[in-house]
Amino acid sequence: MILLGSTGSIGTNTLAIARRFNLNIDVLVAGKSIDKLNEQIKEFSPRMVVIAHKQDCVKVNHSQVLYGEEGILEAIESSESSLVINSLVGFLGLKPTLKAIECGKKVALANKESLVAAGAFIDISKIQPIDSEHFGLWYLLNDKRPVKKMIITASGGAFRNWPLDKLQNATLQDALKHPNWSMGQKITIDSASMVNKTFELLEARWLFGEGDYDAIIETKSLIHALIDFKDGSTTAHFAHADMKLPISYAIMGKVEEEILKPINLVEVGSLEFREIKKERYPIWEIKDSLLKNPKRGLVVNAANEAAIELFIEGKCSFLDISKKIIQAYGHFDNEAQSLDEVFELDTEVRAYVKQS
Ligand SMILES: NC(=O)c1ccc[n+]([C@@H]2O[C@H](COP(=O)([O-])OP(=O)(O)OC[C@H]3O[C@@H](n4cnc5c(N)ncnc54)[C@H](OP(=O)(O)O)[C@@H]3O)[C@@H](O)[C@H]2O)c1
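The sections below set out a description of the structure shown in this document. (Residues numbered from 1 in each chain as written. Predicted model: local features only at pLDDT ≥ 70, side-chain atom pairs only at ≥ 80, totals over all residues. Heavy atoms only, no water.)

## Observations concerning the pairing of strand 5 (residues 83–86)
The side chains of a regular strand alternate, residue by residue, between the two faces of the sheet. On strand 5, burial covers both faces: L83 and I85 on one face and V84 and N86 on the other are all buried. The pairing of strand 5 with strand 6 (residues 106–109) spans four bridges and is classified as parallel. Directly across from L83, in strand 6, lies its bridge partner K106. (Buried < 20%, exposed > 50% of the residue type's maximum accessible area, 1.4 Å probe, protein only. Helix = DSSP H or I, 4+ residues; strand = E, 2+ residues; numbered from the N terminus. Pairing = 2+ DSSP bridges.)

## What about the packing of helix 1 (residues 9–21) against helix 10 (residues 244–252)?
As a packed pair, helix 1 and helix 10 sit with axes 10 Å apart at the nearest point and diverge in direction by 60 degrees. Read as a crossing pair, helix 1 and helix 10 show a hand that is right-handed. Facing I10, N13, T14, A16, I17 and F21 of helix 1, the residues of helix 10 in contact are K244, I247, S248, I251 and M252. The class makeup of the residues in the contact of helix 1 with helix 10 is seven nonpolar, three polar and one charged. (Axes fitted to C-alpha atoms, helices over the stretch in contact; angles between N-to-C directions. Left-handed = near helix turned anticlockwise from the far one by under 90°. Contact = heavy atoms within 4.5 Å. Nonpolar A, V, L, I, M, F, W, Y, C, P; charged D, E, K, R; others polar.)

## A word on the layout of surface pockets
In this structure, the second largest pocket occupies an estimated 220 Å³ of space. Contributing to the lining of the second largest pocket are 14 residues, with Y139, H237, A239, L245 and L260 lying nearest its centre. At the level of secondary structure, the elements contributing two or more residues to the lining of the second largest pocket comprise helix 6 (132–141), strand 11 (234–238) and helix 10. (1 Å grid on protein atoms, 1.4 Å probe; cavity = no way out; pocket = protein on both sides within 12 Å on 5 of 7 lines; lining within 4 Å. Points joined across faces, edges and corners; volume = space filled by probe spheres on them.)

## Concerning the site of the ligand
Residues in contact with the ligand amount to 25 residues; listed here are only the nearest, T7, K32, S33, E113 and G184. One of the backbone N or O atoms of S9 is found 2.9 Å from an oxygen atom in the ligand. Contacts to the ligand include I10, whose backbone N or O atom sits 2.9 Å from an oxygen atom. Protein burial of the ligand: of its 910 Å² of free accessible surface, 84% is covered by the chains. Every element with two or more residues in the shell around the ligand is listed here: helix 1 and helix 5 (112–118). Classifying every residue of the shell around the ligand by side-chain character gives 11 nonpolar, 10 polar and four charged. (Near = heavy atom within 4 Å. Polar contact = N/O pair within 3.5 Å; in protein donor to acceptor, adjacent residues only side chain to side chain. Areas by Shrake-Rupley, 256 points an atom, 1.4 Å probe, with all protein chains shown as cover.)

## Looking at the environment of F44
Locating F44 in the fold gives a position in helix 2 (residues 34–44). Considering only alpha carbons, one finds F44 and A18, 26 residues apart in sequence, at a separation of 9.0 Å. The contact partners of F44, leaving out residues within four places of it in the chain, are L15, A18, R19 and I25.

Structure representation (structure tokens):
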């Protein structure tokens, strides 16, 4: 396989599965974590590696090193592997997803931003999602009974129990304290603002088609998805919060061995569900509009990435992230009609957020 984002949270979990099932790695793609990449090269002997910056190439212990976005696209094109795991973070992941599909490869997709920004232009039949919630929905949908509603769950993120009047002063360090697990920086901030769940609803809409989608908070992150069937039954997908399960299915299609220990419900004792309220998560105000107009996810994604950069640089507050997204959403009510327009509109929205 070709593994994009090998040094990240999803990337290292993918390599744990590759190690366990003795899977071959043709290409490793990483950003700046060269020491970690060198360890991975030693263990998995890829044919080629790609990193973010030219100046780091000399530090990589490999004879075939490419760099930058062009390097990633070239590596995908040159590989005979039929599977690309895309665990890059952000809009940067879109071109590699498109390139992999263009080359006839299957994409195990953790990079949800690809679908949020350009779901309308992606051949979904080539995509296997790596996200617990969509894995949960897929698992439950296998019964093929008439569905009424599909519900995904949220942890509530770092600020789920904060007094509302303190949110304005939340710092980057506060936002990175996820209550239930450890992930990359951006998705942890997206969890705290509930933008992540907004993205996952859009992802579900592109993956499973039109329908009734919603999300609720389940504080222990043991249920990832629920389905209300037309007959009045509701089923729930329980699993420990560990990405190795969705990754295993996305890579191998079929899994017959134990990947995770089953949940002991007696030990769990009780579960708590909460409504997602816009007082705590202002982004929820545009959730219904977005689900009706999923192509406008492009604006939300670009505004979010630009606003997160400002937040990390200390140039805006945590709550300003959602404010800037909603402002951009109101300002740009046009939809991209082609992939070229996707890249143009993305650039325009980022510039608008940076100067507003
Ligand atoms: N973490 C989870 O549990 C989880 C669950 C579901 C979905 N996802 C999604 O999966 C994606 C990855 O999330 P993550 O948590 O794994 O993120 P992460 O830990 O931040 O990892 C991102 C990866 O992308 C690499 N990267 C960043 N910029 C790059 C560049 N310019 N060129 C090449 N490589 C670059 C990073 O390399 P360096 O670290 O070497 O710089 C790292 O390997 C996101 O879209 C996220 O929403 C994550």
